[in-house]
Amino acid sequence: QKIMKQKPILVLLLLLLSTIVFGQLDQGKFFIQGSSSIGFSHEKATYTSGGTSTESYKLAHFGFSPKAGYFVMDNLPIGLSINISTYKTTGISSSYENQSNKFTIGPFARYYFLPQDKLKPMVEIAAGIGNSKDKSSGSGYNSESKSGIFEFSIGAGASCFVTDHIAFDMLIDYHINKYKLKSQSSSSGIKSTTATDSSEKYTGIGINLGVVVILP
């Protein structure tokens, strides 16, 4: 009989505990997320012009992407995302060197599924606009260019909550980056005006790791 009397109390305690542990994603809370990426690689490019030559490159990359948002409804934070990236490419058998710095800012929205679980699947969509600056140098030349950027990404992943307010994040996204050249100058300081019409488009798949903090 004592066990029977204790069952309703135990059920009530479990319900209260689940509300405390899994109530992180309620409307009205703040969402903060930071992710970074570091990469190193070797690449080879082959040029054919009166013969064939192969050039090898070392590529180093660092990126930092903080986000801040607000839960406009349960499980749905909306806010702003900033993307700061630096790329450095160095020729292994030549004096070629290129450094690119990118900055973009724009909105994002994320939706969480299965809010009663510690491991919460989610989908995210984001866009941004900004600028990039490239400097290249080599044997007898230097150049500098500035471009405007539009980027868009859509992805899916999961957040694993290790406490009531902190989670580790993994997001796999498909992204599109469009660059439009604004200005370009050579080592002599002469700016090209005809090059401002050129544009480039890059697409790819990326893996982003980060930390999420939920604040009341």
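Note: the structure precedes this text.
In this numbering scheme, every chain counts its residues from 1 along its sequence in written order. Local features in this predicted model are restricted to residues whose pLDDT is 70 or higher, and side-chain atom pairs enter the listing and the counts only when it is 80 or higher, whereas totals over whole chains, interfaces and linings include all residues. To obtain the side-chain values, all non-hydrogen atoms of the structure were used and water was disregarded.

Some points on the pattern of salt bridges
For this document, the term salt bridge refers to a Lys or Arg side-chain nitrogen within 4 Å of an Asp or Glu carboxyl oxygen. Evaluation of the coordinates by the stated rule reveals five salt bridges. Through salt bridges with shared partners, a single network forms among Lys67, Arg110, Glu124 and Asp169.

Digging into the side chain of Asp169
For helices the rule is a DSSP run of H or I covering at least 4 residues; for strands it is a run of E covering at least 2, with both sets numbered from the N terminus onward. Tracing the sequence through the fold places Asp169 in strand 7 (residues 166-186). Within 3.5 Å is the distance limit for a polar contact, defined as a pair of N or O atoms, with the added protein rule that one can donate a hydrogen and the other accept it, and that residues adjacent in sequence qualify only through two side-chain atoms. Engagement of the side chain of Asp169 in a polar contact is seen with the side chain of Arg110, the distance being 3.0 Å. Looking at Asp169, its side chain comes within polar contact range of the side chain of Ser159, at 2.4 Å. Beyond its immediate sequence surroundings of up to four residues, Asp169 is in contact with Gln33, Arg110, Tyr112, Met122, Ala158, Ser159, Asn208, Leu209, Gly210, Val211 and Val212. Note on contacts: a residue pair qualifies if any of its non-hydrogen atoms lie within 4.5 Å across the two residues.

Things to note about the packing of aromatic side chains
Classification of ring pairs rests on two measures: the distance between centres of Phe, Tyr or Trp rings, Trp counted by its six-membered ring, which must be within 6.5 Å, and the angle between planes, read as stacked under 30 degrees, edge-to-face over 60 and tilted in between. Using the criterion set out here, one finds five aromatic pairs in the structure. Centroid distance Phe31 to Phe108: 5.8 Å. Interplanar angle 45 degrees. Geometry classified as tilted. One end of the pair, Phe31, is in strand 1 (residues 30-48); the other, Phe108, is in strand 4 (residues 97-112), with 77 residues separating them in the sequence. This pair shows no difference in class: Phe31 is buried, exactly as Phe108 is. Centroid distance Tyr111 to Phe113: 5.2 Å. Interplanar angle 75 degrees. Geometry classified as edge-to-face. Residue exposure (1.4 Å probe, protein chains only): buried if accessible area is under 20% of the type maximum, exposed if over 50%, otherwise partly exposed. Relative accessible area serves as the criterion here: at 38%, Phe113 is assigned to the partly exposed category. Among the aromatic side chains, those forming a connected cluster through ring pairs are Phe31, Phe71 and Phe108.

Digging into a nonpolar patch on the surface
Candidate patch residues must exceed 30% relative accessible area and have no salt bridge, after which like charges are joined if within 9 Å and Val, Leu, Ile, Met, Phe, Trp or Tyr side chains if within 5 Å. Accessible surface is estimated by sampling points in the Shrake-Rupley manner with a 1.4 Å probe; for residues, cover comes only from the protein chains shown. Residues Phe30, Ile32, Tyr70, Val72, Met73, Ile78, Tyr111, Phe113, Leu114, Val123 and Leu215 make up a contiguous nonpolar surface patch of roughly 920 Å² in combined accessible area. With three residues, the top contributor of residues to the nonpolar patch is strand 2 (residues 52-73). If you trace the backbone, Val123 turns up in strand 5 (residues 119-138). The class for Val123 is partly exposed, based on a relative accessible area of 37%.

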